[in-house]
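# Residue-level structure breakdown
Residue-level listing of the chains:
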Amino acid sequence: MIKIAIPTDNGVLSSHFGHCPQFAIVDINENSVSAINELTSPPHQPGLLPKWLAEHGVTHVIAAGIGQKAISLFNQQNIEVSVGAEIKGPQELAEDFINKTLTTGSNACDH
C-alpha cells in the first residue's frame, strides 16, 4: 500500500509545508484511492514532521514547497518527496500520482 501525505490548508495543497494546519493522508491500494484521512499537524518544530509522518505509515509526500533539509530528513525515513505540485485538492493530486500525471516543478520554498 502507498500512503501519501499532502499538506493542506482549506482543503487544498498548502504552499508552505512546515506550517500547514492539516495533512491529508491518502491510502492507495491497487492503483486507486481507498481512503483519505485528515490529521491535524503537530505544533511546528524543525525536523519533527518526517518522523511523525513516518510513524503514520507515510511512504510519499506531495508538496508545493519544502526545505532541502526536510527533504533529506524524509529520505532518511524512506519517504519519497515530490516537490512543486500544483495547488489542488488531495483526491485530485492522488489521482494524478496514480496516473503518473502529477505535475511537479520548482520548489515553492525558498529557505
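Everything in this summary refers to the structure shown in the same document. Here the structure is a predicted model, which is why all the values come from computation and not from measurement.

So, on to the pattern of salt bridges. Counting across every chain of the model gives 5 salt bridges. Across the pair Lys3 and Asp27 runs a salt bridge whose closest N-O atoms are separated by 2.9 Å. Taken together, the residues Lys3 in strand E1 (residues 2-9) and Asp27 in strand E3 (residues 22-29) connect sequence positions 24 residues apart. Assessed through its relative accessible area of 17%, Lys3 is described here as buried. You can call Asp27 buried: its relative accessible area is 10%. A salt bridge links Asp96 to Lys88; its shortest N-O distance comes to 2.6 Å. Neither residue differs from the other here; Asp96 and Lys88 are each classed as buried.

So, about the environment of Gly84. By secondary structure assignment, the location of Gly84 is in the loop between strand E6 (80-82) and helix H3 (90-98). For Gly84, a relative accessible area of 16% translates into the label buried. C-alpha separation for the pair Gly84 and Ile62, spaced 22 residues apart in sequence, amounts to 8.3 Å. Excluding its chain neighbours within four sequence positions, the residues that come into contact with Gly84 are Ala63, Ala64, Thr103, Thr104, Gly105 and Ser106.

To continue, consider the environment of Ser106. By the secondary structure assignment, Ser106 is in the segment after H3. Once the C-alpha coordinates of Ser106 and Leu53 are considered, the two residues, 53 residues apart in sequence, prove to be 23 Å apart. Setting aside anything within four residues of it in sequence, one finds Ser106 in contact with Ala64 and Gly84.

Definitions and limits used
- Residues numbered from 1 in each chain as written.
- Predicted model: local features only at pLDDT ≥ 70, side-chain atom pairs only at ≥ 80, totals over all residues.
- Heavy atoms only, no water.
- Salt bridge = Lys/Arg side-chain N within 4 Å of Asp/Glu carboxyl O.
- Helix = DSSP H or I, 4+ residues; strand = E, 2+ residues; numbered from the N terminus.
- Buried < 20%, exposed > 50% of the residue type's maximum accessible area, 1.4 Å probe, protein only.
- Contact = heavy atoms within 4.5 Å.

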